[in-house]
Amino acid sequence: MVDCLVNPGETIDYNGKKVKLPEVKMMVFSGNNPWHHHQDRNRMKQAQKSLETVVTVDYRWTATCRFSDIVLPATTPFERNDIDVYGSYSARGIIAMQKLVEPQFEAKSDFEIFTELTKRFGKDREYTRGMNEMQWLKEIYKNCRKANKGKFDMPEFDKFWEEGFVEFGKGKPWVRHADFREDPEEYALGTASGLIEIFSNKIAKYGYNDCKGHPMWFEKIERSHGGPGSDKYPLQLQSCHPDHRLHSQLCESEEYRATYTVQGREPIYMSPEDAKARGIKDGDIVRVHNDRGQLLAGAVVTPDYMPGVMRIHEGAWYGPEDEKVGSLDTYGDPNTVSWILVHLNCPRQPVPILVSLKLRSSLARHLQLPLSVVRRKLKRNTFRTHL
């Protein structure tokens, strides 16, 4: 997304072809939070200046909302009807998500929002196909029932909606490529040979210097422990999935955050050796920084990490002091300092994040930004706010 905004009209290599990056003037985000999962926040700030309009549909006051011109308050799952599946890989059954309360304030369901938007340019019939919310749910259920005929006993929609769920029975243990393992000829993979390949003749024919037909080691632009850039920024920052939340979900709950944060900041885990070398004690607030950005985090000193390696879990909500490029993130979003080297010819290559740490002695002016719910009435439906 950012590369496209920064380099409109540029021709790039992509899977053996040449593609031209389009000029984007408007973005609409629904069910998506790029100001959580994208890398390099300050580059995102610079890139988004090229857009004329940014619209976000959400029910939480996320950073994506704060960097939008228009925010359309959406309903929570408790304020609309829906159908969902339960049992991740096992697909144990489906559940009727019945509305518990009417939409609060000015909130509307995503279906209603986009129905109203398409009415503005005369395309609502094409969008809704002449069906309302409940009719769509019945249509989805009918198609599911038809597809599973002979496999699972599914009642008529009205009985399902009354009972609240349909259980398909206990699933079997899920094993990736299990059919292929049992019969590789009958259930061949989608490769040229039908087998697991570590060499791709197709990719090799592209002739790319930075993406060969087989796995190779390429020196990183940044790498810790003596690698490029480690003389200036000697610490490698890991950012893996958190154990306290699902990605960024639940980060808006101040009560829940208080169970794992350090002085209201996202924890940064470090070795005793790295902490001692910088005069950092467990529970201190530290400034994590590199050439891409800076953030505040709370130190957790633990022998679980080797010297030179630290960790901030992904998912912390971005809370900058202001909208300016380079401003301090007050909460601890690791994507403030992260980056990713995208080989446009190949799948993206993960790159180590190198940072430096400094003990923060005074925090009087660094306030935790509110992570409130978008539930209030909006006097105007267009605004720009970053805080």
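Report on the accompanying structure. (Residues numbered from 1 in each chain as written. Predicted model: local features only at pLDDT ≥ 70, side-chain atom pairs only at ≥ 80, totals over all residues. Heavy atoms only, no water.)

### Concerning the overall build of the protein chain
Okay, so step 1: Within the protein chain, the secondary structure is distributed over twelve helices and 14 strands.
Okay, so step 2: The burial tally for the protein chain puts 41% of its 387 residues in the buried class.
Okay, so step 3: For the protein chain, the accessible surface area stands at approximately 22,600 Å², while carbon and sulfur atoms represent 52% of it. (Helix = DSSP H or I, 4+ residues; strand = E, 2+ residues; numbered from the N terminus. Buried < 20%, exposed > 50% of the residue type's maximum accessible area, 1.4 Å probe, protein only. Areas by Shrake-Rupley, 256 points an atom, 1.4 Å probe, with all protein chains shown as cover.)

### Regarding the layout of surface pockets
The gaps left among the atoms become clear once a water-sized probe is rolled over them.
Okay, so step 1: Approximately 930 Å³ is the volume attributed to the largest pocket.
Okay, so step 2: Contributing to the lining of the largest pocket are 33 residues, with Gly31, Asp58, Tyr59, Pro77 and Arg80 lying nearest its centre.
Okay, so step 3: Secondary-structure elements contributing two or more residues to the lining of the largest pocket are helix H2 (34–37), strand E4 (53–58), helix H5 (110–120) and helix H7 (133–147).
Okay, so step 4: Broken down by element, the residue count for the lining of the largest pocket peaks at four residues, all from H7.
Okay, so step 5: Taken together, the residues of the lining of the largest pocket break down into twelve nonpolar, 14 polar and seven charged. (1 Å grid on protein atoms, 1.4 Å probe; cavity = no way out; pocket = protein on both sides within 12 Å on 5 of 7 lines; lining within 4 Å. Points joined across faces, edges and corners; volume = space filled by probe spheres on them. Nonpolar A, V, L, I, M, F, W, Y, C, P; charged D, E, K, R; others polar.)

### What to know about the sheet that holds strand E7 (residues 93–97)
Okay, so step 1: In space, the three strands of this open sheet follow the order E6-E7-E8, with antiparallel pairing throughout. This sheet does not close on itself; its edge strands, each paired only once, are strand E6 (82–86) and strand E8 (165–167). The sheet shows a mean angle of 20 degrees between the axes of neighbouring strands, taken without regard to direction.
Okay, so step 2: Pairing analysis gives five bridges linking E6 to E7, with the strands arranged antiparallel. In the strand pairing of E7, Tyr86 is matched with Gly93. (Pairing = 2+ DSSP bridges. Axes fitted to C-alpha atoms, helices over the stretch in contact; angles between N-to-C directions.)

### A closer look at the pairing of strand E9 (residues 235–238)
Okay, so step 1: Only one face of E9 is buried: it carries Leu235 and Leu237, and the other face, with Gln236 and Gln238, is open.
Okay, so step 2: Two strands pair when backbone bridges link them, and E9 and strand E13 (residues 309–311) are joined in this way by three bridges, in the parallel orientation. Note that in E13 the partner of Leu237 across the bridge is Met310.

### Structural notes on the nonpolar core
Okay, so step 1: Counting 14 residues, the largest nonpolar core has Ile268, Met270, Val288 and Ile312 as the members making the most contacts within it.
Okay, so step 2: Secondary structure elements with two or more residues in this core: E9, strand E10 (267–270), strand E11 (285–290) and strand E12 (293–301).
Okay, so step 3: Top contributing element to this core by residue count: E12, with three residues. (Core = buried A, V, L, I, M, F, W, Y, C linked by side-chain atoms within 4.5 Å.)

### A closer look at a nonpolar patch on the surface
Okay, so step 1: Side chains of Phe78, Leu100 and Val101 sit close together on the surface and give an oily, nonpolar patch of about 320 Å² of accessible area.
Okay, so step 2: Examined against the element boundaries, Val101 turns out to sit in the loop between E7 and H5.
Okay, so step 3: Taking the relative accessible area as the measure of exposure, Val101 reaches 41% and is therefore partly exposed. (Patch = residues over 30% accessible without salt bridge, like charges linked within 9 Å, V, L, I, M, F, W, Y side chains within 5 Å. Salt bridge = Lys/Arg side-chain N within 4 Å of Asp/Glu carboxyl O.)

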